[in-house]
Structures are given as structure tokens and as C-alpha cells.
Amino acid sequence: MIEFSRASGDLPTFVTHLECSLTGERYPANTLQTLSRAGRPLLVRYDLDGVRRTLTREVLAARPQTLWRYRELLPVRRAENVVSLGEVVTPLIPLPRIADRLGGGEILIKDEGRLPTGSFKARGLALAVSMAKELGITTMAMPTNGNAGAAMAAYCSRSGIKSYVFCPDDTPEVNIREIAMQGAEVFLVDGLIDDCGKLVSEGERSVGWFNCSTLREPYRIEGKKTMGLELAEQLGWELPDVIFYPTGGGTGIIAMWKAFAELETIGWIGPKRPRMVVVQAAGCAPMVKAWQDGVEHAPRWENAHTFAAGIRVPQAIGDFLILRAVRESGGFATAVTDEAIAEAWGEVAAEEGLLLCPEGAATYAAYKDAVADGRVGPGERVVLFNCASGLKYPMPDAGRWLKLGGAIDWPRLVAGK
């Protein structure tokens, strides 16, 4: 096992260049980059022939169960720049009782709440902060609905980088306190996450901090890509039939689609791809509307609202990349109401014992709809992404407790009367 915190020296690196996701224009990979000249996200490209010659499945299988096991497909060049808080491979948890009841196929939850800071944002920020350290960045800033800011604050503190985080003023208090405890300067904004993003951009121009907003730097995608690498390995290098993904900025869908292409190029999977399903809330569904309208870019969603804060993103800079993955895979985009999310949240917890986050519950609500109307058929293996620990969110009143006092009538008690 490589202890990155103590190691030094070069890691095996196969990065060749960065590439504009819209135009294909190339950029050097060893210098600080943000968006391309076309104003679009940059993608990291690798010498995949070199990876294929160097890395075998047998070598991979012997490595520790962390996201750094895929280091040949990651961009960090020197071990001492790896910033880690223990990014474990997250489990796939079946929902057999619910699957039997719904009459669909196998349901697997990829439970990202087991990661540091309790969410899948740890993947992207572990890589973004590691590369920031490698490239000499000393101050970072981002807008967040909660979990991304917590992850950036934690990894920045771990690496000695100063962090500034801007949150909508209705961000759950637990997230705000978490971000502040982990060392960031926190600012609450009267507006939504894109309003916060405008302030981060103003500060970038005024004081020179590095803007780590979603898809405005190349490396959060590379961290999120490990979700797809893990999923393929956990399923014996066979991809599922359908993936339901809670989508705000959409980095995860873009990243997994990239991961699958890289795995096919190195010969570890075939051409089969899962149908990629964008799941959004009915009160904030710009990608769903764009998919329904058959367009490649999604206009800003006005008056965005949902209690599933992580998917309350009115506009995504990577909209065209998300929609391409959905369409190329034969998938779809769907929206669910807050009422359906709340019902799904309680249903999985009570029936299977798994406490999802609201955004993860949205994927289960969407899955139920898709089974009911035939978009997902019997016998299909489905993966739902739970993007954070349910313990990070205010929980609804489940109404299942009684206060005891005096003599207890045990027969009535166990009968629920």
C-alpha cells in the first residue's frame, strides 16, 4: 500500500493534454487552467495505450480499496501532492424487498455517503485540491448548496490552502456549520447557487483566488470519474442496464460517461453502456426541459425551488455534455415532485433500513415512475446513486415514537395501540 501522506516522488502519469469539450482545442496539462477559450469545460486526456500496457486487472485487484487505486487514470503527478482523507470505495447495497414488491429487476444503491465529509463531493474535491496544491494555488473559492463546500473546506484545510465558500442563505444550517468548522470563510447570499457563483467570479477577478466552481476547472470531473471506474469493477467489468443520477451541475454523469469510454479503450469493458437517467426536482428541472425540447443547451430555470438542495441548480455550464451522455446512451431525463421525494425517502428507510439523502431519494422516486410506465423493464439491473449521508439533512417527522410513563401495558404497546 502506498501511503500518499508520507510518500514522495513521481506517480505513474499518462496525462497528455487538456481538451476543450466543445471545440477539441488542446491545452497543456501542467499549467493552471480554467475554462477553454470557448468558455467551456476542459477535459483531461490520457495516453490510454500506455495505460493498457502498464496496468492489468490483476495489479489493480491487489491495491487498497480507495479511489487512488486508479492512479494511472488520474492526473496527479507527484505523490506528495495527493490530498487524502481516506476516500474509500463505496458499497453497492441491494434493495431486495423493494425490488420484489415493485416487480422490476435488481436495484443497487451506490452509497456515496460513506466518503469523507459524507458525500460524493469528496471525490471531485480530493482531485481538485490535490491538483491545486500541485500547481501552486494558495487560495480557493466556490459557490455551494452545502456538500461541495464542505468537501472543499476539508481538503483545503488538509493541504494548507485558504478557502472561501459562498452559500444560498437557506442552505441547511448543518452544512453551513460543517463548512465553517472545517476552516473555510463562509458567506451567505440572498439568492441561489448561480448568484453565489457570480460573487465567486467577481472575487476571482478582484482578489485572484482560484475559482473551483463546478466544471470551471478540469479536475473535479477526474475525481467523480472514479464512480464509474468503481462501478464497473464492482460488477465484474459489466455495466448495469440503467443508472439513475441526481443531477444539479451534472459533473457525475459527464465523468462516468468519460470513465466508460476510457475503460473500453484500455480493453476492460465492451461497448455496452447503461442508459443514463438525469433525475431532477420538478421545481428545478432545466435539463429535463432541454431533453424534452430536443435542444443541446438548457436555459436558466427561473424561481428554482426544492428541499433537495443538492439538485437546486438553475443552470449548468456542462449542460450539453450531460445531454449528450443521456442521448448517446438511450437514456432520459425526468423530474419528480418534492412530495414524491419525501415519500421515497421514508419508504427506503422504513423498508430497507437505508437512510438516503433527499437527492438520493429522488432517484428512487424516479425509478418507481420508470418501472410503472415501462421505461425500465423487468429483469433490468439498475443502479441508483445516493450522493450523501442522510444524517446530514433535517429529517421529517416520521411519527413512530411514543413517550412512556407509569405502568406499561405491554400487549397494547407491541400491538401499536
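Our subject is the structure that appears above.
Cut-offs applied
- Residues numbered from 1 in each chain as written.
- Predicted model: local features only at pLDDT ≥ 70, side-chain atom pairs only at ≥ 80, totals over all residues.
- Heavy atoms only, no water.
- Core = buried A, V, L, I, M, F, W, Y, C linked by side-chain atoms within 4.5 Å.
- Buried < 20%, exposed > 50% of the residue type's maximum accessible area, 1.4 Å probe, protein only.
- Contact = heavy atoms within 4.5 Å.
- Phe/Tyr/Trp six-rings, centres within 6.5 Å; stacked < 30°, edge-to-face > 60°.
- Helix = DSSP H or I, 4+ residues; strand = E, 2+ residues; numbered from the N terminus.
- Lys NZ or Arg CZ within 6 Å of the ring centre and 35° of its normal.
- Salt bridge = Lys/Arg side-chain N within 4 Å of Asp/Glu carboxyl O.
- Expected span 1.5 Å × (residues − 1).
- Polar contact = N/O pair within 3.5 Å; in protein donor to acceptor, adjacent residues only side chain to side chain.
- Axes fitted to C-alpha atoms, helices over the stretch in contact; angles between N-to-C directions.
- Parallel < 35°, antiparallel > 145°, perpendicular 65-115°, else oblique.
- Left-handed = near helix turned anticlockwise from the far one by under 90°.
- Nonpolar A, V, L, I, M, F, W, Y, C, P; charged D, E, K, R; others polar.
- Pairing = 2+ DSSP bridges.
- Lys, Arg positive; Asp, Glu negative; His and termini not counted.

A. The arrangement of the nonpolar core in detail. By size, the foremost hydrophobic cluster in this structure holds 127 residues, and its most contacted members are Leu125, Met140, Ile243, Phe244 and Tyr367. Residue contacts for Leu125: discarding those within four places in its chain leaves Ser130, Met142, Ala148, Ala151, Met152, Tyr155, Cys212 and Arg220. The next biggest cluster of nonpolar side chains, apart from the first, holds 6 residues, and it includes Ala141, Phe166, Cys196 and Val200.

B. Highlighting the packing of aromatic side chains. Counted according to the given criterion, the structure contains 10 aromatic pairs. Centroid distance Tyr245 to Phe385: 5.5 Å. Interplanar angle 65°. Geometry classified as edge-to-face. Taken as a pair, Tyr245 in strand S10 (residues 242-246) and Phe385 in strand S13 (residues 382-386) lie far apart in primary sequence, 140 residues in all. Residue classification places Tyr245 among the buried positions, given a relative accessible area of 2%. Pairwise contacts between aromatic rings join Tyr164, Phe166, Phe187 and Trp209 into one cluster. The ring centre of Tyr164 lies 5.6 Å from the NZ or CZ of Lys162, which sits over that ring. Taking NZ or CZ as reference, Lys224 lies 4.1 Å from the ring centre of Phe120, over its face.

C. Examining the pattern of salt bridges more closely. Enumeration according to the criterion identifies 32 salt bridges in this entry. In this structure, Glu233 engages Arg69 in a salt bridge whose closest nitrogen and oxygen atoms are separated by 2.8 Å. In this pair, Glu233 is assigned in helix H8 (residues 219-234) and Arg69 in the loop between helix H2 (57-61) and strand S4 (92-94), connecting sequence segments 164 residues apart. Residue classification places Arg69 among the buried positions, given a relative accessible area of 1%.

D. Region of the structure containing helix H5 (residues 147-159). With 13 residues, H5 ought to run about 18 Å at 1.5 Å a step, and its terminal C-alpha atoms sit 19 Å apart, in line with that. Of all 13 residues making up H5, 11 are buried, and the element is well covered by its neighbours. Listed in full, the buried residues belonging to H5 are Asn147, Ala148, Gly149, Ala150, Ala151, Met152, Ala153, Ala154, Tyr155, Cys156 and Ser159. On its buried face, H5 sits against helix H4 (121-134), strand S6 (139-143), strand S7 (162-168), helix H6 (173-181) and H8. Taken from the residues just after H5, Gly160 is the one with a positive phi, measuring 85°.

E. Layout of unusual backbone geometry. Located in the positive-phi region is Thr117, a residue other than glycine, with phi close to 60°. Within the secondary structure layout, Thr117 lies in the loop between strand S5 (107-111) and H4. In this structure, Trp237 is a non-glycine residue whose phi angle is positive, near 65°. Looking at the secondary structure, you find Trp237 in the loop between H8 and S10. With a relative accessible area of 12%, Trp237 lands in the buried category.

F. Highlighting the side chain of Thr306. Within the secondary structure, Thr306 is located in the loop between helix H10 (286-293) and helix H11 (319-329). Looking at Thr306, its side chain comes within polar contact range of the main-chain nitrogen of Ala308, at 3.1 Å. Within the structure, Thr306 has its side chain in polar contact with the side chain of Asp338 (distance 2.7 Å).

G. How the structure looks around the packing of H4 against H8. Close contact between H4 and H8 brings their axes to 6 Å; oriented N to C, the two are set at 135°. Here H8 runs oblique to H4, going by the angle between their axes. Regarding H4 and H8, the two cross each other, and that crossing is right-handed. Two secondary-structure elements touch here, H4 through Lys121, Arg123, Gly124, Leu125, Leu127, Ala128 and Met131 and H8 through Tyr219, Arg220, Glu222, Gly223, Lys224, Thr226, Met227 and Glu230. When the residues that make up the contact of H4 with H8 are grouped by side-chain class, the tally is 6 nonpolar, 3 polar and 6 charged.

H. Up close: the pairing of strand S11 (residues 275-281). Among the 7 residues in S11, 7 count as buried, and that is most of the element. On S11, burial covers both faces: Arg275, Val277, Val279 and Ala281 on one face and Met276, Val278 and Gln280 on the other are all buried. Inspection of the sheet shows S10 paired to S11 by 5 bridges, in the parallel sense. Residue pairing for S11: Val242 is matched across the bridge by Arg275. Taken together, the 5 bridges between S11 and strand S12 (residues 332-336) define a ladder with parallel strand orientation. The partner of Gln280 across the bridge, within S12, is Ala335.

I. Quick look at the side chain of Arg40. Along the chain, the position of Arg40 falls in the loop between strand S2 (26-27) and strand S3 (42-46). No salt bridge is formed by the buried Arg40, whose closest oppositely charged neighbour, Asp319, lies at an N-O distance of 4.2 Å. From its side chain, Arg40 meets the backbone oxygen of Ile317 in a polar contact 3.4 Å long.

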